[in-house]
Amino acid sequence: MIRSLPQKWHLEADVVAIGSGAGGLSAAITAHNHGATALVLESSELVGGVTAFSMGEVWIPGNHLATELGIDDSIDAGMEYINNLAMGFSEQRAVLNQALHAPVALKYFEQCIDLKMCVVRHLPDYYYPHVNGSTAEGRCLEALPFAAASLGEWQHKTRVSPHVPYSLTHEDIFSNGGLANMMHWDYTVMGERMANDERCAGPGLAAYFVKGALQRDIPLLTGTRAEELISDGERIVGVRAVRGDEELFIKARRGVVIAVSSFERKPTLSRRVGLMIEPKSMVMDTVQGCHLRMAGEAGAQVARVPDVSMLGFHVPGEEQEDGVPLWRGALPFMGLPHTIVVNKKGERFSNEAFYRSVYFGLDEIDGMTQSYKNFPCWVIIDSQCREKYPFGSVMPGQEMPAELAVAADSLAELAEKIGINSEGLQATVNRFNQFCETGDDLDYQRGTYPWGAIMCGDPKQTPNPNLGSLSRGPFYAIALQRMAGGGITSSGILIDEHCRAVGWNEQPIDGLYVVGNSAARLDNGALMQSGITNARGITHGYLAGCHIAGKGSDLLQKALAERGEQQA
Amino acid sequence: MIAAEHSLVIDTAIDNVWHYVKDIRQWASLFPGCRECEVIDDNNSKWIIKVGAGGLVKTVNVLVTVEQWRGPEAVLFSYQLESEPVVGGGVYRAVAIDKNSTEITLQIKVEGSGQMAPMWEAMSKPLLPQMAKSFAGKLKNSIEEIYGQKTAMSPGPGWLAALRQRLKSFWLRLVGQKIKQ
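Nothing here was measured: the structure is a model prediction, and the numbers come from that model. (Residues numbered from 1 in each chain as written. Chains lettered and ligands numbered in written order. Predicted model: local features only at pLDDT ≥ 70, side-chain atom pairs only at ≥ 80, totals over all residues.)

A few words now on the sheet that holds strand E4 (residues 117-119) of chain A. One key point about sheets: their strands pair by backbone hydrogen bonds, in either a parallel or an antiparallel sense. Residues and elements named next belong to chain A. If you trace the 3 strands from one edge of the open sheet to the other, you get E3-E5-E4, paired in antiparallel fashion. The open sheet has two edge strands, strand E3 (58-59) and E4, and neither has a second partner. In the sheet, E4 pairs with strand E5 (residues 140-143) via 3 bridges, with the strands oriented antiparallel. What sits directly across from Met-117, in E5, is Ala-143. (Pairing = 2+ DSSP bridges. Helix = DSSP H or I, 4+ residues; strand = E, 2+ residues; numbered from the N terminus.)

Given below as structure tokens:
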């Protein structure tokens with residue numbers, strides 16, 4: 001951190017947001033709406049950040065769109081759900097703050113940037129109906145298709161996603177058989193949306209916020225990498241950034257908002273802070289954890305919650321736009337019928353149709369040998385699976401690339417080829433196939449989590465959408481690699497209710513705000529729920545933007561007072 | 001099946017155009033995303049292409065076969081992706097407008113096969129016109145660079161567009177000369 005003021009400021013604004021995902025853009029937009037000037041720094045050449053790579057889900061308990069549909073929900077029910085799953089690692093003030101403000105932020109952006117969202121019908125919470133406070137639908141929202149041509153020259157400078165079919169909405173996908181049944185999707189709609197560049201999912205969500213910033217003439221400085229914060233001795237007053245060979249000193253009259261996602265593209269931070277050994281990543285190469293460095297130098301506290309590494313694979317020949325190899329998450333493929341995941345003993349270790357089960361199982365350590373019990377691991381599929389379902393971008397009818405999958409005519413041969421216990425694998429498959437006949441997975445209860453059945457199953461498969469035998473060769477094994485969370489991480493900067501970074505003395509650091517995935521997840525603890533990350537980014541951006549412009553929200557104080565009175 | 005067509009006028013004689021396009025390596029060097037071209041024989045070649053679609057860049061191997069060399073007026077070709085169920089083909093046509101200009105038309109079609117055919121074709125729909133336009137534009141620029149004359153690209157098909165292009169060039173030259181004087 002620079003502790004002396006530069007001789008010259010090259011740029012200045014009231015608010016400098018670092019990062020152009022939903023968090024950074026929503027902070028800049030909100031501050032601007034309250035009369036502050038704002039600019040956004042983006043280290044890559046494209047705006048939209050990790051938001052644009054996501055499925056675009058936004059998870060908000062007690063939102064007005066669900067209420068309008070007559071769905072019964074409340075922020076208290078949402079908090080109950082979080083508290084039941086946080087394993088004691090959340091902090092009530094943070095949980096309440098997020099719960100109170102997320103519905104407010106949603107309405108706010110609907111009004112000010114014409115954000116158009118809808119409820120993803122029939123998509124339950126992860127743990128519905130097993131955990132109190134969960135709902136069958138209503139909390140998961142998605143953006144309506146966005147006409148990207150309206151971004152003008154920024155149309156092709158706003159990110160799209162290599163991970164999601166962003167020309168289709170959730171409704172389009174799930175009403176036509178879900179992720180498992182791509183051959184039944186409506187490709188007429190997809191073709192038209194692609195031709196017209198109408199974006200759904202994460203790219204659509206990000207585009208709404210990019211447009212909101214453009215409509216306010218908020219400068220979006222791409223190719224501009226924030227390097228360090230500048231302090232005047234009392235507060236954060238600016239940023240040193242680099243654009244090409246040029247060094248820029250940028251004055252932030254009211255504050256700096258750090259919204260740079262996580263650190264998962266930096267292996268040392270992944271190991272030291274994320275406790276993951278060289279995880280692969282599905283996000284862009286610029287996600288390097290600069291928030292930890294910059295805010296850390298300013299004295300900000302780092303906090304951590306339990307989290308898991310994910311699993312994925314690389315289809316040969318696939319890259320992201322910036323030339324780095326593309327890694328795909330295994331989540332939608334592990335729980336399909338005719339599919340299991342096994343360890344070196346050839347044994348299953350989890351409910352493959354519910355990724356939280358797989359990924360917590362993955363990190364199980366054998367204390368007797370100080371080694372991971374279930375890693376390395378492999379997806380095992382049979383030819384029925386290949387005939388019916390895609391695996392990543394390898395479609396039914398296409399050959400599995402040899403670099404991706406090992407093939408064998410028998411399970412014994414397959415086990416030998418990949419070096420796992422052959423008898424173990426055969427016994428596992430025999431037992432699994434019995435479960436498929438009855439539809440009851442007695443070992444790991446596949447198919448009992450409706451979210452997993454919808455997201456990772458085949459609705460046409462009976463009696464259980466997640467169960468189908470492995471009985472027809474050739475068989476295939478795909479070695480899965482550890483992956484980081486796609487921007488979601490265990491560790492981040494501790495923040496207060498206005499998203500100000502908090503120091504080790506428990507006091508906010510004046511002029512420094514941290515939002516979205518860069519902020520520690522004390523508002524949900526050990527819970528993860530699809531859509532919560534985008535909701536945090538948008539809500540944090542709103543809160544930081546309000547406070548930085550001198551209009552900090554008092555909703556939390558009011559609610560605490562009210563709840564205190566009720567308790568009294 | 002998805003098809004796209006793009007026409008433009010190259011300001012050089014049809015024989016010059018043919019001299020350039022009769023070498024398949026020239027096609028490959030100009031094709032968007034083409035990284036390598038291995039010539040197998042007079043009619044067959046293998047191209048390695050990086051195709052960008054929606055944030056994803058995929059390397060594909062394409063076997064290109066020239067079905068007929070009908071120089072200087074036409075080339076008929078087909079292609080097949082090595083590991084994807086996608087085939088296609090197309091026609092290159094050249095028409096001499098006068099001794100110093102040639103109109104070329106590039107038609108490309110793509111056809112997916114198997115149960116995922118609709119997906120391949122949906123993905124090709126926005127890409128194919130861009131590819132045809134980009135390739136034809138690069139072809140024009142490269143040939144005109146060699147043979148020394150340049151004009152703006154013409155979006156219009158047929159002799160009418162060519163005539164309009166010629167008249168426009170003539171008018172601009174005339175007006176430009178007057179201003180210069």
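Text resumes after the structure shown.
A common measure of how large an interface is: the accessible area buried when the components associate. Contacts between chain A and chain B engage 24 residues on the former and 19 residues on the latter. Counting residues per element, the ones that place at least two in the side of chain A that touches chain B are helix H6 (187-196) and strand E14 (318-320) of chain A. Looking at which element gives the most residues to the side of chain A that touches chain B, the answer is H6(A), with 5 residues. Counted by class, the side of chain A that touches chain B contains 13 nonpolar, 6 polar and 5 charged residues. Note that E14(A) and strand E4 (residues 56-70) of chain B share 3 bridges and pair antiparallel. (Contact = placed C-beta atoms within 7 Å. Nonpolar A, V, L, I, M, F, W, Y, C, P; charged D, E, K, R; others polar.)

All names here are of chain A. Between its terminal C-alpha atoms helix H4 (residues 92-112) stretches 30 Å, which fits the 30 Å expected from 21 residues at 1.5 Å a residue. Along H4, the sharpest kink reaches roughly 30 degrees, centred on His-101 and followed within four residues by the proline Pro-103. Within two residues after H4, Asp-114 carries a phi angle of roughly 60 degrees, on the positive side. (Expected span 1.5 Å × (residues − 1). Bend = angle between axes of the 7 residues up to and from the residue.)

Taken across its 6 residues, strand E2 (residues 34-39) of chain B has 0 buried, putting it largely on the surface. Counted along the chain from E2(B) to the antiparallel partner strand E3 (residues 44-53) of chain B, the turn is 4 residues long. (Buried ≥ 20, exposed ≤ 12 C-beta atoms within 10 Å, placed from the backbone.)

This part is about unusual backbone geometry. The phi torsion of most residues other than glycine is negative, and most of the peptide bonds are trans. Residue and element names in this part refer to chain A. Here the residue pair Tyr-128 and Pro-129 is connected by a cis peptide bond, since its omega of 0 degrees sits within 30 degrees of zero. Position of Pro-129 relative to the elements: it lies in the loop between E4 and E5. Phi is positive for Ala-201, which is not a glycine, with a value near 50 degrees. Tracing the chain through its elements places Ala-201 in helix H7 (residues 201-215).

This part takes up the packing of helix H3 (residues 75-85) of chain A against H4(A). Residues and elements named next belong to chain A. Viewed as axis vectors pointing N to C, H3 and H4 meet at an angle of 140 degrees, and their least axial separation amounts to 10 Å. Considering the angle they form, H3 stands oblique to H4. Considering only the axes of H3 and H4, their crossing is right-handed. Facing Ile-75, Gly-78, Met-79, Ile-82 and Asn-83 of H3, the residues of H4 in contact are Val-95, Leu-96, Ala-99, Leu-100 and Pro-103. Broken down by class, the residue content of the contact of H3 with H4 amounts to 8 nonpolar, 2 polar and no charged. (Axes fitted to C-alpha atoms, helices over the stretch in contact; angles between N-to-C directions. Parallel < 35°, antiparallel > 145°, perpendicular 65-115°, else oblique. Left-handed = near helix turned anticlockwise from the far one by under 90°.)

On to helix H13 (residues 411-418) of chain A, then. Residue and element names in this part refer to chain A. When H13 is considered as a whole, its buried residues turn out to be Leu-411, Leu-414, Ala-415 and Ile-418. Projection of H13 onto a plane perpendicular to its axis shows the buried side chains occupying an angular sector of 100 degrees, all on one side. Where H13 is buried, its residues contact strand E19 (377-381), strand E20 (406-408), helix H14 (422-438) and strand E21 (475-483). Among the residues trailing H13, Gly-419 stands out with phi positive, at a value near 80 degrees. (Arc of directions from axis to C-beta.)

A separate point is the nonpolar core. The tendency in soluble globular proteins is for nonpolar side chains to be buried as a group. Within the largest apolar cluster, 225 residues are counted, with the highest numbers of intra-cluster contacts made by Val15(A) and Tyr513(A). Each residue touching Tyr513(A), except ones within four places of it in the same chain, is listed here: Ala27(A), Gly255(A), Val256(A), Val257(A), Ile258(A), Cys499(A), Arg500(A), Ala501(A), Ala544(A) and Ile548(A). (Core = buried A, V, L, I, M, F, W, Y, C linked by C-beta atoms within 7 Å.)

None of this, on its own, says anything about what the molecule does.
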